[in-house]
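As a plain string of letters, each chain reads:
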Amino acid sequence: MRNARRTLSLLFGLGVLLAQRLWAQAPPSGPPAAPANPFQVSPEERARLDRLAREDHADMLRQLNITKLRPGFDGRAAAGAPNAANYDEARANPYPDWPDVLTLKGGREGATPEGWWARGRREIVEEFEREVYGRVAQDVPKVTWTAGETVETRVGGLPVVARRVTGHVDNSAHPAITVDIQMAVVLPAHATGPVPVLVMFGWGNMPDEPVWRFPGMVEPAAPPSTEQLVASGWGYVSLSTASIQADNGAGLSAGIIGLANGGGRPTPEQWGALRAWAWGAARALDYLETLPAVDARRVGIEGVSRYGKAALVTMAFEPRFAVALVGSSGEGGAKPHRRHFGEAVENLAGSGAYHWMAGNFLKYAAEEASFGRKTADDIPVDAHQLIALCAPRPTFVSYGVPEKGDAHWLDQRGSFMATVAAGSAFRLLGAPDLGVTGDYRVARMPPVNTGLLDGALAWRQHDGGHEDRTNMSSFLAWANRLLHHAPPPAPADQPRMRADRNSHLAHQQLLAKAKSGGIDVYFLGDSITRR
């Protein structure tokens, strides 16, 4: 048996080596055109957008009767500098007592499943809609989906069918505002039945279209998330957030928010961009439900950074999503508002980020207003309750490490505390949580690369940067188990993508060698040795 394994390993290794040699020696076809920086605009356009955002922001302050906001904290300032962000854990919890997940208004306990669904959950949703993320407009126009370009291609060497899809939002009532939701739907080509799908907030790009990356960002060792998904028998959707709602305050009179509001400015309770992006994801799910090749009961949502916030908001408010991967979401996502650490309420209330939230959220950064001064402790709900709204559906909270670019600004520890505090809702509904005993105030974060993945509520801090693809293999193993999805068997003559971290690092190093002019590899037993 051991000799047979070695023989198979040698044959597999020779096949990989031959493929890499042929690839390295193939005549270059020319690099794909570099994608445009979606955040880069001319100085004149930047000035125009900033001016419009400041005007809209000032209008919201007038509606709320706020005369002075506290400024946001400076994450790059040295400790002790004026308005520097706090990174001292000893000062991080000025409001240590958070609202209890299972206590109803008036102090009544809602600690039964029936009480949760009948009252508790609804009360939390109401508070989040009114005070934090805003309410979706009552009469949002209908979306009509049209499939465009369809291609057969490969992702990670595996055959897929990719389709460009556009969702036109009826603008007959306001023709000056056009909203065409853009997304790419990518499914395994030879699946034997309906497949799970992960909707990923991003650019709406097809598989062969390059995606712009921030300069200086280190490429993670793990293969791209799309390749890991397809190798595990999943499909994915790349959903363009910009096609739903612009990521700036200048755009609030356009996009789906502006269209639903007749081109007018929002009122304090109306939705912000995070809720709008979540609405767009729900409309994408509407389309997926029409595809026989998609298992609509096993569709998930994913995002990183601001899109991690949107992924958590989507999972909390749209019960049809079956699973979530919430990446590096920070303030407005899994980070508690009541934590004085890194980014804070005051940052999200400023003219650069307020458009993510409901106008009412600005009240909690008010220093001077007709209603007096308010702080984060006055917000009736917090991040742990947002996570609790996902229960009992599988929810994976992911972060990286500051050393690789997932900054302290995001408050990894605070987000872990919130995930622990959300556990009572999962347990109440019969779903295992993180398994952490004790109070969230003193809960100890596990070491980096040590996941808490036994329950429907999961946590893992990987050793990569501001991304979640380093956690994708852990997410997939966890999600496949909970969703009862078996990855397709790989034929004996085809390679199978490995999920362990060491293999990802070795793969990254081999690719670097291949791109620099060749690989020198030999095989010893079951091992690959490089020299």
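Let me sum up the structure you'll find in this document. (Residues numbered from 1 in each chain as written. Predicted model: local features only at pLDDT ≥ 70, side-chain atom pairs only at ≥ 80, totals over all residues. Heavy atoms only, no water.)

## Details of the overall build of the protein chain
Right, so step 1: Looking only at helices and strands, one finds 13 helices and 13 strands in the protein chain.
Right, so step 2: Look at the contacts in the protein chain between residues 6 or more apart in sequence, and 72% of them connect residues 24 or more apart.
Right, so step 3: Taken as a whole, the protein chain presents about 23,900 Å² of accessible surface, with 55% of it coming from carbon and sulfur. (Helix = DSSP H or I, 4+ residues; strand = E, 2+ residues; numbered from the N terminus. Contact = heavy atoms within 4.5 Å. Areas by Shrake-Rupley, 256 points an atom, 1.4 Å probe, with all protein chains shown as cover.)

## Focus on the packing of aromatic side chains
Right, so step 1: Enumeration according to the criterion identifies 13 aromatic pairs in this entry.
Right, so step 2: On the basis of an interplanar angle of 75° and a centroid distance of 5.9 Å, the ring pair of Phe-396 and Phe-475 is categorised as edge-to-face. In this pair, Phe-396 is assigned in strand E10 (residues 395-399) and Phe-475 in helix H12 (residues 472-483), connecting sequence segments 79 residues apart. Here Phe-396 and Phe-475 have matching classes, each one buried.
Right, so step 3: Among the aromatic residues, those joined into a cluster by ring pairs are Trp-234, Phe-396, Phe-475 and Trp-478. (Phe/Tyr/Trp six-rings, centres within 6.5 Å; stacked < 30°, edge-to-face > 60°. Buried < 20%, exposed > 50% of the residue type's maximum accessible area, 1.4 Å probe, protein only.)

## A look at helix H7 (residues 306-317)
Right, so step 1: Taking 1.5 Å as the rise per residue, H7 with 12 residues should run 16 Å; its terminal C-alpha atoms sit 17 Å apart, in good agreement.
Right, so step 2: Within H7, the full set of buried residues consists of Tyr-307, Gly-308, Lys-309, Ala-310, Ala-311, Leu-312, Val-313, Thr-314, Met-315, Ala-316 and Phe-317. (Expected span 1.5 Å × (residues − 1).)

## Comments concerning the packing of helix H6 (residues 273-288) against H7
Right, so step 1: Viewed as axis vectors pointing N to C, H6 and H7 meet at an angle of 60°, and their least axial separation amounts to 8 Å. Where H6 crosses over H7, the two elements pack in a sense that is right-handed. Residue-level inspection shows Leu-274, Arg-275, Trp-277, Ala-278 and Ala-281 of H6 in contact with H7, the latter providing Arg-306, Tyr-307, Lys-309, Ala-310, Val-313, Thr-314 and Phe-317.
Right, so step 2: Across the contact of H6 with H7, the residue classes break down as 8 nonpolar, 1 polar and 3 charged. (Axes fitted to C-alpha atoms, helices over the stretch in contact; angles between N-to-C directions. Left-handed = near helix turned anticlockwise from the far one by under 90°. Nonpolar A, V, L, I, M, F, W, Y, C, P; charged D, E, K, R; others polar.)

## Examining the environment of Met-217
Right, so step 1: Structurally, the position occupied by Met-217 is in the loop between strand E5 (195-202) and helix H4 (225-231).
Right, so step 2: In this structure, the C-alpha to C-alpha distance between Met-217 and Lys-404, residues 187 residues apart in sequence, is 9.2 Å.

## Observations regarding empty space enclosed by the protein
Right, so step 1: Counted by the stated rule, this structure contains 1 cavity of 30 Å³ or more.
Right, so step 2: Size it by volume and the largest cavity reaches roughly 70 Å³.
Right, so step 3: Grouping the constituent residues of the lining of the largest cavity by class yields 7 nonpolar, 5 polar and no charged. (1 Å grid on protein atoms, 1.4 Å probe; cavity = no way out; pocket = protein on both sides within 12 Å on 5 of 7 lines; lining within 4 Å. Points joined across faces, edges and corners; volume = space filled by probe spheres on them.)

## Description of the sheet that holds strand E2 (residues 143-155)
Right, so step 1: Strand order across the open sheet formed by 9 strands is E2-E3-E4-E6-E5-E7-E8-E10-E11, with mixed pairing between neighbours. Two strands in the sheet have a free side with no partner beyond their single neighbour: E2 and strand E11 (457-461). The sheet shows a mean angle of 20° between the axes of neighbouring strands, direction not considered.
Right, so step 2: Along the sheet, H7 contacts E5, strand E7 (294-304), strand E8 (323-327) and E10; its crossing angle with E7, the most-contacted strand, is approximately 145°.
Right, so step 3: Strands in contact with H12 are E5, E7, E8, E10 and E11; relative to E8, the strand with the most contacts, it is inclined by about 160°. (Pairing = 2+ DSSP bridges.)

## Regarding the packing of helix H3 (residues 113-133) against H7
Right, so step 1: Running from N to C, H3 and H7 point in directions that differ by 140°, and their axes come no closer than 11 Å. Classified by the angle between their axes, H3 and H7 sit oblique to one another. Between H3 and H7 the crossing geometry is left-handed. Contacts between H3 and H7 involve Arg-121, Val-125, Phe-128, Glu-129 and Tyr-133 on the former and, on the latter, Val-313, Ala-316 and Phe-317.
Right, so step 2: Residues belonging to the contact of H3 with H7 are distributed by class as follows: 6 nonpolar, no polar and 2 charged. (Parallel < 35°, antiparallel > 145°, perpendicular 65-115°, else oblique.)

## Describing the nonpolar core
Right, so step 1: Ranked by size, the top nonpolar core spans 108 residues in total, and within it Trp-116, Leu-239, Ile-256 and Leu-288 carry the most contacts.
Right, so step 2: Ala-184, Tyr-236, Met-472 and Leu-476 belong to the second largest nonpolar core, which has 23 residues in total. (Core = buried A, V, L, I, M, F, W, Y, C linked by side-chain atoms within 4.5 Å.)

Coordinates in, geometry out; function isn't part of it.
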